[in-house]
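Summary of structural features
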Amino acid sequence: MHTKMVSTPSNCSSLQGEALAGPLATAFFLLITKLYFEKASIGKAEDYPPDFGPDLLTAHNPLFDIIIVGGGPAGVILANRLSEVSHWTVLLLEAGDLPSSTSDVPAFYMSLKGSNADWSYYTVQEKSACQGMINKRCKLSTGKVLGGSSSINNMHYMPSLSTDYLEWSNQENHGWKIENIERNYRKHENNSAPMNETIFGNFGELSLNFINQDNEMKNLIYQAAELMGYSKTNPGDTTGYQDVLGIIDNGARYNYAKAFLGPIQARDNLFIARQAFVTKILTQIPKDRRIQGVNVYIDGKQIAVKAKKEVILTAGAVNTAQLLLLSGFGPKDHLKQHDIPVIVDLPVGQNLQDKVSALLFVGIDNGTAESNPVLTADNAYSFIMHRTGEFTATNVNDVVGLINTEDKDSNIPNILIYHYYFERNDPNLELFLNVFSFDKVIKRSILQQNKAERFIVFAPTLIKPKSRGQVVLENDNPFVKPFIRGNYLSEREDHQTLLSETEPFKQRGAHFLEIDMPSCRNYKYCNEPYLACAVRAMSYPLSEMVGTAQMGDLVTKCDARVTDEFMLLDGIRHLRIVDGSVIPEQITGNVETTVAMMAENAADQIKKFWLNV
Ligand SMILES: Cc1cc2nc3c(=O)[nH]c(=O)nc-3n(C[C@H](O)[C@H](O)[C@H](O)COP(=O)(O)OP(=O)(O)OC[C@H]3O[C@@H](n4cnc5c(N)ncnc54)[C@H](O)[C@@H]3O)c2cc1C
């Protein structure tokens, strides 16, 4: 195989994947699912605790020690750790339902975005990023399903660097010392990937392993990386090109609900209600400024559920912010504007941050190879019977580059590079473009070129953007999605850093696809202004949102404190937030791994406080 990445002089350039499209293929897949998945250990309801929702509806004055709002990674870890205390009753309320059998199949990870397991948010029209998306609005996925986004995401497991927590660890006695942070990471890891040396734990609930076997494309990417001076490293190393670990058990996705709730179904003090949408946090005001419980909407009825000890919000950075605002915790002017009585005036919803990527399509040749269909009986059989084959694979999506664009020798990356691969005439390409919500002109242009050419897509990603956005209410109706003002790439430095990542590709003659981008038609293909415009057109947020209910005085740069160092909301007693919202600044690794570590920490803090140990 030839690649234009190393041979073509100064074209600007392209990427590819495999397929799962077409009505026949879908029908075939549904049939396979029906016939086999139930027999294999795939997508089985028995992997999860039964639904307590119907009982909750008929309960008289329901009262629990702890109420957890949201069954994502943080929520299920807390449910597990807190229900270890056998005399505590713990209720977990999750708006979504069980993960589908499709979600267990790694190869179908892209098809879950935009499904009914996704809240499917969009930002308002953006000025600096997502300029190639429909109406210039960025699409934001976040899981609406037990397991939260871990049931629909890319399954990567990338812990953050200890340097991310330096400012957190300056706090005394609150569990944010680096050794505690590391212990809380290792506590739930169960790594079985073959590695000589590893930092990962081996005795926890969360199965970790490599996602994909070596393949031709991955090797090509590693060769290209080496040409650019980036060597191959191991998972857990802070820089270099590496196969990232996946949250994978025996070839299938292992979402956090399966990992943390499945094994403890026998506990009679833990109650999980699904399709249970929390609409308000109830507080006892002015009596003792204490949390009371929540209003929850199940099967068309709204009921109040009370908490004796704590309410813990683990609903994710957008939904937690929305719920706080609806309940009277937020900027007073904003709440007054929507006639919501102000309980505590706090900068909730400010300081929104996400990692931001730009898709660089690089054409690798115009060979004759076409994509092999993934949805074949052989592949289904191999997966179901042996957990091997194409269904277990995500192509090249597990190859990740961690680099520092300013200082090659630094061991702290500022850019992460993700990869995708598309064969010629690849039926997966359209699905991929839809996931990002590309406008029809751009879509048509890319699909057209894919008829003749294979692509590798490089997605350099800004790890710690300076730009800040907001989550605000549209109105006081909990069923109406909030406005998300991403403001991505609004800081010049963010745009410049992403743009600088096109340079190494250009220098090595990468053939950037000449995509028809309406917002960039005034520029000459591949000159500097064109690339600057292309980065804005092809950019999108990663849906790893943080910062909307910032924790404490940990990061002094930003005046947006909402919780203390124990993740307890300021100005109210016993309301805790444990999800991406409290992370003050983006971290290097996946937000999910940090959120999981924080949930372990919160569980320790809660036990310490209430059990006085
Ligand atoms: C498309 C995509 C790809 C990603 N890829 C990766 C990856 O490869 N690796 C990685 O580590 N991270 C990835 N992430 C990010 C990661 O999944 C999240 O950071 C992580 O899941 C956050 O965990 P959480 O528990 O805070 O919230 P969430 O996972 O968002 O869970 C929150 C839960 O709360 C529920 N909820 C929300 N509001 C309410 C309400 N009012 N009432 C009741 N329940 C409610 C939701 O339905 C959801 O189940 C990805 C995210 C997305 C969306």
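Because the structure is predicted, anything quoted here is derived from the model rather than measured.

Details of the packing of aromatic side chains
In the structure shown here, the tally under the stated rule is 25 aromatic pairs. A centroid spacing of 6.2 Å and a plane angle of 20° characterise the contact between Y230 and Y241, whose relative ring orientation is stacked. On the criterion of sequence distance, the pair formed by Y230 in the loop between α7 (216-227) and β8 (240-243) and Y241 in strand β8 is long-range, its members being 11 residues apart. Here Y230 and Y241 have matching classes, each one buried. Between the aromatic rings of Y256 and F260, the centroid separation amounts to 5.8 Å while the plane-to-plane angle is 15°, which identifies the pairing as stacked. Note that Y256 and F260 are positioned in helix α8 (residues 256-260) at a spacing of four residues, about one turn of the helix. We classify F260 as buried; its relative accessible area is 0%. Taken together through their ring pairs, the aromatic side chains of Y420, F422, F432, F436, F438 and Y540 make up a single cluster. Over the ring of F383 we find R387; its NZ or CZ atom is 5.6 Å from the centre of that ring. Over the ring of Y230 we find K408, and its NZ or CZ is 5.0 Å from the ring centre.

A few points about the UniProt feature "binding site: FAD" (unreviewed entry) in the chain
Per the UniProt record, the feature "binding site: FAD" (unreviewed entry) sits at V145, V278 and G580. Note that V145 resides in the loop between β4 (137-140) and β5 (156-157). Classification of V145 by relative accessible area gives buried; the value is 2%. For V278, the location among the structural elements is in strand β12 (residues 276-284). In contact with V278, not counting residues within four places along its chain, are V69, L93, V294, N295, V296 and L323.

Some thoughts on the pattern of salt bridges
Across all of its chains, the model carries 22 salt bridges by this definition. Salt-bridge contacts for R183 lead to D604; the nearest nitrogen and oxygen are separated by 3.7 Å. Note that R183 is positioned in helix α6 (residues 178-188) and D604 in helix α17 (residues 591-611), a separation of 421 residues in sequence. Judged by relative accessible area, which is 25%, D604 ranks as partly exposed. Note that E493 is salt-bridged to K466, the shortest N-O span being 3.7 Å. Taken together, the residues span a long stretch of sequence, with E493 in helix α14 (residues 492-500) and K466 in the loop between β21 (454-462) and β22 (470-472) at a distance of 27 residues. Salt bridges sharing common partners tie together R81, K187, E205 and E600.

Cut-offs and rules
Residues numbered from 1 in each chain as written. Predicted model: local features only at pLDDT ≥ 70, side-chain atom pairs only at ≥ 80, totals over all residues. Heavy atoms only, no water. Phe/Tyr/Trp six-rings, centres within 6.5 Å; stacked < 30°, edge-to-face > 60°. Helix = DSSP H or I, 4+ residues; strand = E, 2+ residues; numbered from the N terminus. Buried < 20%, exposed > 50% of the residue type's maximum accessible area, 1.4 Å probe, protein only. Lys NZ or Arg CZ within 6 Å of the ring centre and 35° of its normal. UniProt positions renumbered as here; feature names shortened; annotations may be inferred. Contact = heavy atoms within 4.5 Å. Salt bridge = Lys/Arg side-chain N within 4 Å of Asp/Glu carboxyl O.

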